[in-house]
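So you can see what is in the structure, the chains are spelled out below.
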Amino acid sequence: VHEKGIITEHVVSVLIPRCEYMTLVSLGILKAGVAYQPLDPTYPEERLNFMMKDANARLLICDRTLRDKVNEYQGDVVYIDELASLAPLTSNQRQELLALSPNPKDLFVLLYTSGSTGTPKGCMLEHGNLTCFCHWYQRFYSLKPEHKVAAYASYGFDANMMDMYPAITSGASVHIIPEDIRLDMLAINDYFERVGITHSVMTTQVGRLFATSVENHSLLHLNVGGETLVPCAPPKGFTFYNAYGPTECTIISTIFPIEQLYNNVPIGHPLDNMKAYIINKRKQLLPVGAAGELCLAGPQVSRGYLNRPEQTAKAYEKNIFSNEKGYERIYHTGDIVRWLPDGNIEFVGRKDAQVKIRGFRIELTEVEGVVREYPKVKDATVQAFDDPNGGKFICAYIVGDEQIDIDDLNAFIAERKPPYMVPAITMQIEKIPLNQNQKVNKRALPKPEPKTSAKAEGKQTAAPLNILEQQIMDIVASVVNTKDFGITDVLGYVGLTSISSIRLATLLYKKFGVQIDVKDLVSKGSIQSIENEIISMWIEGGTTADKEKIEEKKEEKAKGETLSAPLTYPQMGV
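Note that this is a predicted model, so its numbers are computed, not measured. (Residues numbered from 1 in each chain as written. Predicted model: local features only at pLDDT ≥ 70, side-chain atom pairs only at ≥ 80, totals over all residues. Heavy atoms only, no water.)

Visitor: Even after reading the chapter, I still don't get the nonpolar core, so can you show me in this structure?
Guide: Soluble globular proteins tend to bury their nonpolar side chains together. Among the nonpolar cores identified, the biggest contains 61 residues, and Tyr-36, Met-161 and Tyr-165 are the most heavily contacted of them. Ala-57, Tyr-374, Ile-398 and Met-421 belong to the second-largest nonpolar core, a separate cluster that totals 47 residues. (Core = buried A, V, L, I, M, F, W, Y, C linked by side-chain atoms within 4.5 Å. Buried < 20%, exposed > 50% of the residue type's maximum accessible area, 1.4 Å probe, protein only.)

And the structure:
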């Protein structure tokens with residue numbers, strides 16, 4: 001790094017798949033005294049190229065298979081398959097590295113969040129921010145060298161730092177969850193218990209599903225954060241926390257242990273090194289019960305936004321409420337909250353168009369901007385709605401002179417924005433309704449509905465042909481909150497999302513004892529395809545006689561005959 005003239009405050013970009021180098025490369029860059037920029041391989045090329053250019057990246061460390069995703073970068077590159085063959089450091093080089101002890105004010109990492117102008121902005125976290133967070137984590141969770149921490153979060157997500165650095169700096173071990181099981185609650189639970197995982201953090205919807213659908217015997221602490229937590233009873237065997245915090249304040253700012261079923265789960269109290277202020281528009285402190293904007297102060301408040309002085313000045317201000325050292329600045333979160341009588345904080349909502357989707361903070365204006373770029377779209381608006389299964393989803397309302405191919409529009413968006421910015425539902429309407437002030441009349445917009453279904457197209461839906469199909473349909477209906485579909489409809493078209501598909505797979509396993517791969521459920525899954533997969537897996541686990549019975553039933557079904565009763569589990573070989 002230093003041979004290439006890369007020094008403190010410079011940025012090295014990292015574009016790698018989910019593997020051990022997430023930890024190794026990050027530590028190597030930090031030990032060289034410079035900052036790193038974690039890039040998510042699922043992001044479109046346009047966004048990745050922008051992030052590297054905006055950061056003025058001096059070096060790229062990447063996997064060879066991902067190099068083309070940042071084709072605009074023409075600087076130095078080191079491939080991860082070359083790292084093992086690099087020449088070892090000389091004694092002089094080791095001494096130089098030891099002398100590079102980072103200053104608490106030196107740049108640690110550059111993380112990008114959605115911008116209100118449609119342009120992502122890089123949040124600059126310093127070494128002092130992460131050091132204070134690690135110290136808090138180790139105190140709060142009593143982290144010891146014998147503990148094992150799961151690295152579940154995506155590399156480009158700030159929660160990845162929560163996965164790695166408190167454990168590394170305390171002597172505990174980090175276990176990177178393999179990509180192929182990250183959406184499989186049962187497989188994750190098996191992994192946790194086999195390895196002995198004691199600490200983990202997951203995005204809200206996934207973590208809630210894990211806590212309510214499996215029985216774990218290894219965990220001590222499970223954190224969820226990123227979205228509003230739908231109330232649930234606390235799991236048995238480990239402590240379950242609702243965590244809150246913007247990237248700008250280093251991962252977590254408040255924490256709440258869930259000890260009972262709440263109607264509205266609080267986001268808790270400030271960490272022991274942070275101060276929280278709830279203020280009105282005149283920047284006056286509000287009493288208990290009054291809703292206002294949450295502002296945060298403390299050593300975890302970051303430096304600001306790279307190359308965005310106006311946005312930094314707007315979000316970060318002098319703390320007029322305290323002169324205490326380390327609390328000189330406050331960060332305006334934009335979140336509306338209120339104090340509860342017991343000293344905890346309750347989340348109310350946002351004061352702008354910003355929402356959390358799958359734990360990622362986005363501006364609806366950024367999504368709307370790219371929708372409007374699609375050639376056939378004349379007008380558009382994008383709104384966020386509460387998902388009955390937890391969290392929020394995006395619905396795009398579009399206007400055009402001709403019928404617009406929604407799949408083609410989604411592909412267009414996916415080429416320019418991350419996957420979580422592609423609307424879950426897109427509806428073409430005659431015109432965008434406006435109120436007297438010529439603003440979008442949200443109440444006049446039609447209720448979000450899945451993009452297509454046989455019934456929506458005026459076709460007759462295919463009803464279940466046997467009891468097994470009816471049982472599957474009932475389970476799917478409980479997840480998507482509608483029965484308006486047939487056995488051949490693609491489930492993504494009737495409301496199944498990437499998150500609810502995880503819940504569906506878990507319910508199917510509990511009912512039929514078969515693990516369904518969740519990856520294709522949204523794009524290809526149907527009642528019929530699930531049925532075929534269940535039967536196939538039962539055949540693999542059964543005896544020859546069982547298989548013959550199942551084949552007979554499959555032949556009956558192929559002839560269009562309704563089965564009078566499903567086979568029992570013993571007959572299926574389970």
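Visitor: Would you mind showing me how to read the sheet that holds strand E24 (residues 425–428) here?
Guide: Across a sheet, paired strands are connected by hydrogen bonds in the backbone, their directions being either parallel or antiparallel. Taken in spatial order, the three strands of this open sheet run E22-E23-E24, and their pairing is mixed. Every other strand in the sheet has two partners, leaving strand E22 (379–386) and E24 as the edge strands with one partner each. Each strand axis lies, on average, 20° off the axis of its neighbour in the sheet, ignoring direction. Relative to E24, strand E23 (residues 392–399) runs parallel, the two being bridged by four bridges. Note that in E24 the partner of Tyr-397 across the bridge is Met-427. Contacting E22 and E23, helix H9 (residues 364–373) crosses the sheet at an angle of about 140° to E22. (Pairing = 2+ DSSP bridges. Helix = DSSP H or I, 4+ residues; strand = E, 2+ residues; numbered from the N terminus. Axes fitted to C-alpha atoms, helices over the stretch in contact; angles between N-to-C directions. Contact = heavy atoms within 4.5 Å.)

Visitor: Could you clarify how one ought to interpret the pattern of salt bridges in this entry?
Guide: Where side chains of opposite charge bring their charged atoms close, a pairing between them can arise. Going through the model one piece at a time under the given rule, you end up with 17 salt bridges. The salt bridge involving Arg-64 is made with Glu-82; its shortest N-O contact spans 3.2 Å. Pair noted here: Arg-64 is in the loop between strand E3 (59–62) and strand E4 (77–79) and Glu-82 is in the loop between E4 and helix H3 (91–98), with a separation of 18 residues, a long-range link. Residue Arg-372 is joined to Glu-368 by a salt bridge in which the shortest nitrogen-to-oxygen separation is 3.1 Å. Of this pair, Arg-372 and Glu-368 both sit in helix H9, separated by four residues, roughly a single helical turn. The structure contains a network of salt bridges with shared partners spanning Glu-9, Glu-126 and Arg-303. (Salt bridge = Lys/Arg side-chain N within 4 Å of Asp/Glu carboxyl O.)

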